[in-house]
Amino acid sequence: MSPLRIVLGLILLAAAGWLGWALFITPPTPPAPARAFTSSKQCQECHTTAYAEWEVSWHAQAWTDPEPRKLSNDFSNTDCIDCHAPQPVFETGLGNRVLPRATRRVEGVDCIACHQLANGGMAGTITNPTPPCRPQEQRDLVQAEFCAPCHNQHGTVQQWQATPFAQAGPGFRTCIDCHMPYREGDPSKGRDHTMAGGHDMDLVRSAVELRARREAGKVVVEIENVGAGHNYPTDDRSRASDLFWRPLAAAGATPEAWRHLYRFRNPYRYEVGLENTELAYGKTLEVEVDDAAAAGTIEVALFFKTTPYWSDPEHPDPEGEAHLVRRVEVAP
Amino acid sequence: MKRALALGLLAAGLCATACRREPAQTNATGEAPPPPPTRAVVTQHIQACQALEQPAAPEVPDDIGEHVDGLLSTLAYDHGRLRPLALEELTDLGEAAVATLDARLLDGELDQPLRLAAAEGLAQIGAAGSRAAAEALLACVQSSPTVANKEFWLYQRCALELGRVKQPWVIVRMLQCLKYEVDYDTVLSLVDGVARYGNLGGLEAVFVIERNGAPEVQARAQALVARLVAEFGARDAADLERRWYEGDASLPPPPDDPAYVCEIWRNIDGMKGWELLPVDMARYGLSRCGAVAAAQLAEALSDENLYVRLHSAQTLERMGPRGRVAGPALLSTLDDPQVGPEAALALGSVRYEPAAAELTRRAAGSPSFELQVASVRALGRLAPADLAATMAPCLAEDQPLDLRAAAAGALLTADPGDAKPAVVAAPARLMASLLVSKAIETRTIEDTLGSWLGRRSDAGDAWAAATLEAWLGVPLQPDEARLEARSKLLTERLSAFGA
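Residues numbered from 1 in each chain as written. Chains lettered and ligands numbered in written order. Predicted model: local features only at pLDDT ≥ 70, side-chain atom pairs only at ≥ 80, totals over all residues. Heavy atoms only, no water.

### Observations concerning the overall build of chain B
Argument step 1. Helices and strands together make up the secondary structure of chain B, namely 27 helices and 0 strands.
Argument step 2. The dimensions of chain B, computed from C-alpha atoms along their principal axes, are 125 × 75 × 40 Å.
Argument step 3. Here chain B holds 499 residues, and 50% of them are scored as buried.
Argument step 4. For chain B, long-range pairs separated by at least 24 residues make up 66% of all intrachain contacts whose partners lie at least 6 apart in sequence.
Argument step 5. By element, 55% of the accessible surface of chain B is carried by carbon and sulfur atoms, the whole surface being about 22,600 Å². (Helix = DSSP H or I, 4+ residues; strand = E, 2+ residues; numbered from the N terminus. Buried < 20%, exposed > 50% of the residue type's maximum accessible area, 1.4 Å probe, protein only. Contact = heavy atoms within 4.5 Å. Areas by Shrake-Rupley, 256 points an atom, 1.4 Å probe, with all protein chains shown as cover.)

The structure is reproduced here in structure tokens:
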């Protein structure tokens, strides 16, 4: 055989070998280099929908919202920082109370706080080393224990554990089933990161029913926790839900002032003499209106507010300072 | 041909092997050093304390109630020579009388003089070594925030008597009573009581009362301050406050008492829990103690429980220079992944200068961004000579905003009042611009700028004095308007700074 043929043969074989390798032995896509995330804005680039939802959520405003700033005296009460600017939950550990962080506090409870893992990756629904954030499947994201490090300061997760929602079976629901539902009800569309809670009045309304009846010369008002997977209200001691009534004004007439009946709230530890009146799931509270002025048609209303104080405690103005949850009229 | 085929296959194999790219092993953030070892520090101390405190149940005579009532009556209403005899006899009864005295103390039906006499009796028995007597007086004061029908006159007396029981372990709990006490005179009594043990942890509360109290109670607060200034040999109130804050050697040393140390460990043990109340109370009380508490907290930095370590570091940070003895332990804690940043802040607060080199190393770069920022902040308080050079790279425009703000703040914090404008002008301009930024928290920035202007004004800087006057003249509310106004005025005035 001539040398030329040998060389040509070798070249052909090499080309065949290369072709075979290219076709059948594809090198794996290299994982993304480890990236240090210093701001949740870095997540926006890829996760635009979730970021946009989060950006208007109360998690995003946990640090900048004037209300907790006022209640904590501008975070002079440094214990408030633990939950309002937490270190990543996976780094502290599920079941452990969160730790405060000193950086990017304005981002509040941000992407990094919930998704960053101790190994530098990001918790997600799948494991994929290719994207820059190197998501790793973490089923803990959907467990109530994941929310507990911040939201169990006052027993909200324990309250949930006492409900039927915590029992295995068709009725099982965790925190995110109500607070981060699938977008349009479709699991393939991912979860809504708006994280509706006590600022979402539709959600608050879904928690309670208000009924009233006349009985033996009095009006008996019933409030039942029908839909919250925990007490009503829950979590922050600053939250309060107040029951008021007043005679129903004739059309065009100025209504009388609201008269306070009952408050649902877990008081601050220094509020001497006040009891925890949160309403547990499935429980009904009856309150009587025993007042001659209630002989005619009255209206009874349940209001909700995120701070417990009234501008004028002697003459509270629920319509001006709180949100209406439920209202009923009771005929004579 | 066969040879060609073999060579070709070999070439293909080599090519496939050489061209397959293995995943690159990168670690962009750098390797974290191993965390320091931990052990069951708190558990061991609590066990040791339990072994120490085994109170013997006192033998109580059947007629003790009648006996004590008789003595109380003498104590309350006799003003002659029978009074000291009654007191002596009560002291001799000792522990056996405590339960009865406690019941009389809290009996709302009894006349006031009898209840005050019960407090005095408990103090005498306490001074003779009865822990139960001291506990009874403490329980009386501690009940103040939690009862609806308050008897401030009684709590004040109990607080004063606690200062006479000569049992230093009561210090921490008396200080903790200050946190929720709303009655100014009871506060003054508590401060007076702890001061008898050489603890001035309540001074700041007295200064608040001096400023905000009604005229009569302001006068009592001023009298207390004057007395304490004289007793502790200070020049004036400011000097007394400075000596206490810095743990000045001229002040009496803290009591050396095993029961006091055990009380400190009981509080540290409370830092483990999920509930924040015991954590909060422990930090509040211990941060107002001195070197004794700092020494125990230093040891607690090695505890196996993360929250004990973290809250111990936080308590030391709140203690300030009195906690300097914990410096070496805090330095060893810098590599604790979750406590390191708090330890760094505490090193700055306790003014442990030997930590400067390590903090500088971490300020230059750290696997933990939190630790890097905390180290920068701590260096501002230590003010090493090379601070400006260390901060320069942190101020670069491409650095995260938190780091730049921390570096600028550190340079201003380190300025004793006479730093050259070339060093502080640019950081001040950056901080002024950040006052209106939505991307960073502004409270500490505003506080840092205000303190900086104050120090330069006190040092005789006319520019700072004029700027501070304008700064303080800005209405405090609403927040956004105040921050905008302060940002604008400072930015404008900085153009003339150093000119």
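### Notes on the overall build of chain A
Argument step 1. Check the secondary structure of chain A and you find 12 helices and 9 strands.
Argument step 2. Scaling as 2.2 N^0.38, a compact globule of 332 residues should have a C-alpha radius of gyration of about 20 Å, whereas chain A reaches 28 Å, well beyond that.
Argument step 3. By principal-axis analysis of the C-alpha atoms, chain A measures approximately 120 × 45 × 40 Å.
Argument step 4. Per-residue burial for chain A yields a buried fraction of 45% across its 332 residues.
Argument step 5. For chain A, the share of sequence-separated contacts (at least 6 apart) that also reach a separation of at least 24 residues comes to 60%.
Argument step 6. As displayed, chain A has an accessible area near 16,700 Å², and 55% of this comes from carbon and sulfur atoms.
Argument step 7. Charged side chains in chain A number 31 positive and 42 negative. The centres of these two groups are separated by 6 Å. (Rg over C-alpha atoms; globule rule 2.2 N^0.38 Å. Lys, Arg positive; Asp, Glu negative; His and termini not counted. Charge placed at Lys NZ, Arg CZ, Asp CG, Glu CD.)

### A closer look at unusual backbone geometry
Argument step 1. Cis geometry is adopted by the peptide bond preceding P233 of chain A, which originates at Y232 of chain A and carries an omega value of -15°.
Argument step 2. Within the element layout of this structure, P233 of chain A appears in the loop between β4 (218-225) and β5 (240-247).
Argument step 3. Each neighbour pair has its own omega, and for Q477 of chain B with P478 of chain B the value is -5°, a cis peptide bond.
Argument step 4. Inspection of the secondary structure puts P478 of chain B in the loop between α26 (462-472) and α27 (479-494).
Argument step 5. The backbone of F75 of chain A shows a phi angle near 65°, a positive value even though the residue is not glycine.
Argument step 6. Inspection of the secondary structure puts F75 of chain A in the loop between α4 (66-71) and α5 (81-84).

### What about helix α15 (residues 276-287) of chain B?
Residues lying three or four places apart along an α-helix face the same way, a consequence of the helix completing one turn every 3.6 residues.
All names here are of chain B.
Argument step 1. Between the first and last C-alpha of α15 there are 16 Å, a value that for 12 residues agrees with the 16 Å anticipated at 1.5 Å per step.
Argument step 2. In terms of burial, α15 is largely enclosed, as 10 of its 12 residues are buried.
Argument step 3. Three or more residues of α15 are buried, namely L276, V279, D280, M281, A282, R283, Y284, G285, L286 and S287.
Argument step 4. In this structure, the buried residues of α15 make contact with α9 (170-180), α14 (258-269), α16 (291-300) and α17 (306-319). (Expected span 1.5 Å × (residues − 1).)

### Topic: the pattern of salt bridges
Argument step 1. A full pass over the atoms with the stated rule returns 66 salt bridges over all chains.
Argument step 2. Here the residues in one salt-bridge network are E209, R211, R213, E215, E222, E224 and E286 of chain A, joined through shared partners. (Salt bridge = Lys/Arg side-chain N within 4 Å of Asp/Glu carboxyl O.)

### A word on the sheet that holds strand β6 (residues 259-264) of chain A
All names here are of chain A.
Argument step 1. Within the open sheet, the 4 strands sit side by side as β6-β5-β8-β9. Their pairing is antiparallel. Two strands close off the open sheet at either side, each with one partner strand: β6 and β9 (323-330). Taking the axes of each pair of neighbouring strands and ignoring which way they run, one obtains an average angle of 20° across the sheet. (Pairing = 2+ DSSP bridges. Axes fitted to C-alpha atoms, helices over the stretch in contact; angles between N-to-C directions.)

### A word on the packing of aromatic side chains
Any aromatic ring pair is given by two values, namely how distant the centres are and how the planes are angled relative to each other.
Argument step 1. Applying the stated criterion across every chain yields a total of 16 aromatic pairs over all chains.
Argument step 2. Ring geometry for F244 of chain A against W310 of chain A: centres 5.8 Å apart, planes inclined by 85°, an arrangement best described as edge-to-face. One end of the pair, F244 of chain A, is in strand β5; the other, W310 of chain A, is in the loop between β8 (298-305) and α12 (318-321), with 66 residues separating them in the sequence.
Argument step 3. Overall, the relative accessible area of 0% leaves F244 of chain A in the buried class.
Argument step 4. Each ring, one from F152 of chain B and one from Y155 of chain B, has its centre 6.0 Å from the other, and the planes form 80°; the classification is edge-to-face. You can see F152 of chain B and its partner Y155 of chain B sitting in helix α8 (residues 152-162), 3 residues apart, about one turn around the helix.
Argument step 5. Among the residues examined, F152 of chain B registers a relative accessible area of 24% and is labelled partly exposed.
Argument step 6. Feature note: the residues Y232, Y262, F264 and F304 of chain A constitute an aromatic cluster, connected by ring pairs.
Argument step 7. For the cation-ring pair, R131 of chain B lies above W169 of chain B, with the distance from its terminal atom to the ring centre recorded as 3.8 Å.
Argument step 8. R288 of chain B extends its terminal NZ or CZ atom over the ring of Y284 of chain B, reaching a point 3.7 Å from the ring centre. (Phe/Tyr/Trp six-rings, centres within 6.5 Å; stacked < 30°, edge-to-face > 60°. Lys NZ or Arg CZ within 6 Å of the ring centre and 35° of its normal.)

### Examining the sheet that holds strand β7 (residues 284-289) of chain A
Strand-to-strand pairing in sheets goes through backbone hydrogen bonds, with the strands running parallel or antiparallel.
Residue and element names in this part refer to chain A.
Argument step 1. Pairing is antiparallel across the open sheet formed by 3 strands, whose spatial order is β3-β4-β7. Pairing within the sheet leaves two strands with one partner each, and these edge strands are β3 (208-215) and β7. Each strand of the sheet is rotated relative to its neighbour by a mean of 20°, with strand direction disregarded.
Argument step 2. Of the pairings in the sheet, the one linking β4 to β7 comprises 6 bridges and is antiparallel in character. The residue of β7 that forms the bridge with E224 is T284.

### Considering a nonpolar patch on the surface
All names here are of chain A.
Argument step 1. The grouping of L4, V7, L8 and I11 at the surface amounts to a nonpolar patch, some 390 Å² of accessible area in total.
Argument step 2. Among the structural elements, L4 can be located in helix α1 (residues 3-24).
Argument step 3. Its relative accessible area of 59% is what places L4 among the exposed residues. (Patch = residues over 30% accessible without salt bridge, like charges linked within 9 Å, V, L, I, M, F, W, Y side chains within 5 Å.)

### A word on the packing of helix α2 (residues 41-52) of chain B against α14 of chain B
Residues and elements named next belong to chain B.
Argument step 1. At a minimum axis separation of 9 Å, α2 and α14 run at an interaxial angle of 135°. Relative to α14, α2 is oriented oblique. You can see that α2 and α14 cross each other, and the crossing is left-handed. Touching V41, V42, H45, I46, C49 and L52 of α2 are P258, C262, W265, R266, I268 and D269, all from α14.
Argument step 2. Looking at the contact of α2 with α14 residue by residue, the class counts come to 9 nonpolar, 1 polar and 2 charged. (Parallel < 35°, antiparallel > 145°, perpendicular 65-115°, else oblique. Left-handed = near helix turned anticlockwise from the far one by under 90°. Nonpolar A, V, L, I, M, F, W, Y, C, P; charged D, E, K, R; others polar.)

### A look at the state of the cysteines
Argument step 1. Scanning all chains against the criterion turns up 1 disulfide over all chains.
Argument step 2. Put simply, C49 of chain B and C262 of chain B are joined by a disulfide, and their sulfur atoms are 2.1 Å apart. In this structure the cystine formed by C49 of chain B and C262 of chain B twists about its S-S bond by roughly -95°; its chirality is therefore left-handed. Linking C49 of chain B in helix α2 with C262 of chain B in helix α14, this pair joins segments that are 213 residues apart in sequence. The burial state of C49 of chain B is the same as that of C262 of chain B; both residues are buried.
Argument step 3. Left without a disulfide partner, C46 of chain A is nearest to the cysteine sulfur of C133 of chain A, which lies 6.9 Å away.
Argument step 4. Of the residues examined, C46 of chain A reaches a relative accessible area of 54% and is grouped as exposed.
Argument step 5. You can see C150 of chain A has no disulfide; the closest cysteine sulfur is in C83 of chain A, sitting 4.2 Å from it.
Argument step 6. C150 of chain A gets classed as buried once you look at its relative accessible area, which sits at 14%. (Disulfide = S-S within 2.5 Å.)

### Some points on the pairing of β5 of chain A
All names here are of chain A.
Argument step 1. Most of β5 is tucked away, with 8 of its 8 residues classed as buried.
Argument step 2. Relative to β8, β5 is paired through 8 bridges, and the arrangement is antiparallel. When the bridges of β8 are listed, L243 appears paired with L302.
Argument step 3. Where β5 and β6 come together, 5 bridges link them in antiparallel fashion. Along β6, the bridge assignment pairs F244 with H260.

### Considerations on the nonpolar core
All names here are of chain B.
Argument step 1. Within the largest apolar cluster, 124 residues are counted, with the highest numbers of intra-cluster contacts made by L101, L200, I268, L316, L330, L359 and V376.
Argument step 2. If you tally residues by element for this core, the top one is helix α21 (residues 369-382), at 8 residues.
Argument step 3. Other than its neighbours up to four places away in sequence, V376 contacts A363, M391, C394, L403, A406, A407 and A410. (Core = buried A, V, L, I, M, F, W, Y, C linked by side-chain atoms within 4.5 Å.)

### Considering the environment of E204 of chain B
Residues and elements named next belong to chain B.
Argument step 1. Mapped onto the fold, E204 is located in helix α11 (residues 203-212).
Argument step 2. Between the alpha carbons of E204 and V191 there is a distance of 9.7 Å; along the sequence they are 13 residues apart.
Argument step 3. At a separation of 3.3 Å, a polar atom in the side chain of E204 contacts the side chain of R288. (Polar contact = N/O pair within 3.5 Å; in protein donor to acceptor, adjacent residues only side chain to side chain.)

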